[in-house]
Every structure is written in C-alpha cells, then in structure tokens.
Amino acid sequence: MVSYRTSMQIVADLLTVTEQSGQEGIKTTSLLTKANLSHSRLSKFLENLTGAGLINKIEFDGKNTFVITPKGRQYLESYANFSSIAESFGLEL
C-alpha cells in the first residue's frame, strides 16, 4: 500500500530543504525537485508558508529565492518534537 505524505509532512519537508540551503536560500526549481512536488502544489504551499511568515521570498531578476525565517525554524523544531512524541505513542502524523 502506498503511503502519501500529509500536508504537515510536506510543510516540514519544505522547511527542512529551505533550512539546509542556508542564508543564500533555495530557488524554485531546486525546491521542486528536493521536495518532490509539482509546480502547482508547490505554489500553493509557498503561498501559505510566506503568508504565515515561515519563509521569505526574495525576488531578483525575475527569479524567486526562498529563505527560512526564525519563525520557520521554530515551527520545524516544534514539529520534530511533536512528531517524536506521537511516534513514541505509536501514532503516525
């Protein structure tokens, strides 16, 4: 049986990939491949993440670069803690 990722897992994946890119940020194409999402799904998630203040979008020469914010790092840390607690009780997120 195929196991699909939940929205929370996708958000965590996007934030993790963005955080790993460092201060230079990550471009849309790299984010697409590393997070394994289609462009339309990625656009919706990026809109939500920038709106929530978890990542910043930097536009330069018509290209977008994304950088994680301190609030995004805090979210990622809280998600990891919650995920490990849920897993210790035998729950899947």
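Refer to the structure above for everything that follows.
Given the structure is predicted, the values throughout are model-derived calculations rather than measurements.

A. Local environment of the side chain of Thr18. Mapped onto the elements of the fold, Thr18 is located in helix α1 (residues 7–20). The exposure class of Thr18 is buried, given its relative accessible area of 2%. Non-local contacts of Thr18, meaning those with residues more than four positions away in its chain, are made with Ile26, Leu31, Ile55, Phe66, Val67 and Ile68.

B. Geometry of the pairing of strand β2 (residues 55–60). Inspection of the sheet shows β2 paired to strand β3 (residues 63–68) by 6 bridges, in the antiparallel sense. Looking at the pairing, Ile58 lines up with Thr65 of β3. What sits between the antiparallel neighbours β2 and β3 is a turn of 2 residues, in which Asp61 has the positive phi angle 55°.

C. Summary view of helix α3 (residues 39–51). With 13 residues, α3 extends 18 Å between its outermost C-alpha atoms, agreeing within 8% with the 18 Å of an ideal straight helix rising 1.5 Å per residue. Where α3 is concerned, the buried positions are Leu42, Phe45, Leu46 and Leu49. The arc enclosing the buried residues of α3, seen along the axis, measures out at 105°, which places them on a common side. Residues of α3 that are exposed and point more than 90 degrees away from the buried face comprise Lys44, Glu47, Asn48 and Gly51. Tucked inside the fold, the buried residues of α3 contact α1, α2 (28–35), β2 and β3.

D. Local environment of α1. For α1, built from 14 residues, the straight-helix expectation of 20 Å at 1.5 Å per residue is met to within 8% by its first-to-last C-alpha distance of 20 Å. When α1 is considered as a whole, its buried residues turn out to be Ile10, Val11, Ala12, Leu14, Leu15, Val17 and Thr18. Tucked inside the fold, the buried residues of α1 contact β1 (26–27), α2, α3, β2, β3 and α4 (70–88).

E. Expanded view of the pattern of salt bridges. Inspection of every chain in the model, using the stated rule, returns 3 salt bridges. Salt-bridge contacts for Asp13 lead to Arg5; the nearest nitrogen and oxygen are separated by 2.7 Å. Of the charged contacts in the structure, one is a salt bridge between Glu19 and Arg73, with a shortest N-O distance of 3.6 Å. On the criterion of sequence distance, the pair formed by Glu19 in helix α1 and Arg73 in helix α4 is long-range, its members being 54 residues apart. Of the residues examined, Glu19 reaches a relative accessible area of 32% and is grouped as partly exposed. Judged by relative accessible area, which is 32%, Arg73 ranks as partly exposed.

F. Highlighting the environment of Thr6. Here Thr6 shows up in the segment before α1. With relative accessibility at 30%, the residue Thr6 sits in the partly exposed group. It is 23 Å that separates the C-alpha atoms of Thr6 and Ile26, two residues lying 20 residues apart in sequence.

Definitions and limits used
Residues numbered from 1 in each chain as written. Predicted model: local features only at pLDDT ≥ 70, side-chain atom pairs only at ≥ 80, totals over all residues. Heavy atoms only, no water. Helix = DSSP H or I, 4+ residues; strand = E, 2+ residues; numbered from the N terminus. Buried < 20%, exposed > 50% of the residue type's maximum accessible area, 1.4 Å probe, protein only. Contact = heavy atoms within 4.5 Å. Pairing = 2+ DSSP bridges. Expected span 1.5 Å × (residues − 1). Arc of directions from axis to C-beta. Salt bridge = Lys/Arg side-chain N within 4 Å of Asp/Glu carboxyl O.

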